[in-house]
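# Close look at the chain arrangement
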Amino acid sequence: RTNRGSHGNETIGWMSIRQGEANDDGTIFESKLIGRVRHTNRQVSYQAQFENPPLLFTKIISYHGRDSANTRIVNNTTNGFVAKIMEDTSRDREIRHTYENISYLAIGVPPPPPEPKNLADITEFGSTQLSNNWKTIQLSKLFTSPVVILSDPTLNNSDSVAVRVRNITSNSFE
């Protein structure tokens, strides 16, 4: 069925953070706005020094192309990442997309501290492999009314995909 452009209400989580680098008790954060990303690979270099490839959240923050699209991560290393814009093909089969602006948040994951403190008291993060089946993510902490922030997926398959979340509880989500 062809996408007709209408959709019911959805709920999203969100976060706002100052652009640049920050270090909170050993956890490195880097956020930045990147312009002129399109359907071809775009290399982005990190300014921060990450020991391991960081957790990476990216999102389109402009509306230049009329076809719905998401960011896709082709590669993520300690030095940077490669991203591209991937169009949804439910309206048409054409996949070229005009330039968009994206934002990213990279979070370095240090070894766990002996005692949780500061940001570690109120956050938990990780990464997982997904398919077209729902997957339950168990949290090691209990949260009151948690906000779950998901990144767009990596580019391991050429099909357009949107990641959705459901069944958010105090200790898990799907």
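Note: the structure precedes this text.
Residues numbered from 1 in each chain as written. Predicted model: local features only at pLDDT ≥ 70, side-chain atom pairs only at ≥ 80, totals over all residues. Heavy atoms only, no water.

### Description of the environment of I60
Tracing the chain through its elements places I60 in strand 4 (residues 55-60). Linking I60 and L33, residues 27 residues apart in sequence, is a C-alpha distance of 9.7 Å. Once you skip the residues sitting within four places of it in the chain, I60 turns out to touch A69, N70, T71, I85, E100, N101 and I102. (Helix = DSSP H or I, 4+ residues; strand = E, 2+ residues; numbered from the N terminus. Contact = heavy atoms within 4.5 Å.)

### Some thoughts on the pattern of salt bridges
Counted under the stated rule, the structure contains one salt bridge. One salt bridge in this structure joins E174 and R166, with 2.9 Å as the shortest N-O distance. Residue R166 is classed as partly exposed on the basis of its relative accessible area, which comes to 34%. (Salt bridge = Lys/Arg side-chain N within 4 Å of Asp/Glu carboxyl O. Buried < 20%, exposed > 50% of the residue type's maximum accessible area, 1.4 Å probe, protein only.)

### Let's talk about the sheet that holds strand 7 (residues 100-107)
Spatially, 1-2-7-4 is the arrangement adopted by the four strands of the open sheet, whose pairing is antiparallel. Of all strands in the sheet, those bounded by a partner on one side alone are strand 1 (20-24) and strand 4. Along the sheet, successive strands turn relative to each other by an average axial angle of 15°, direction set aside. Of the strand pairs in this sheet, strand 4 and strand 7 are connected by six bridges, and their pairing is antiparallel. Each bridged residue has a counterpart across the sheet, and for L56 the counterpart in strand 7 is A106. (Pairing = 2+ DSSP bridges. Axes fitted to C-alpha atoms, helices over the stretch in contact; angles between N-to-C directions.)

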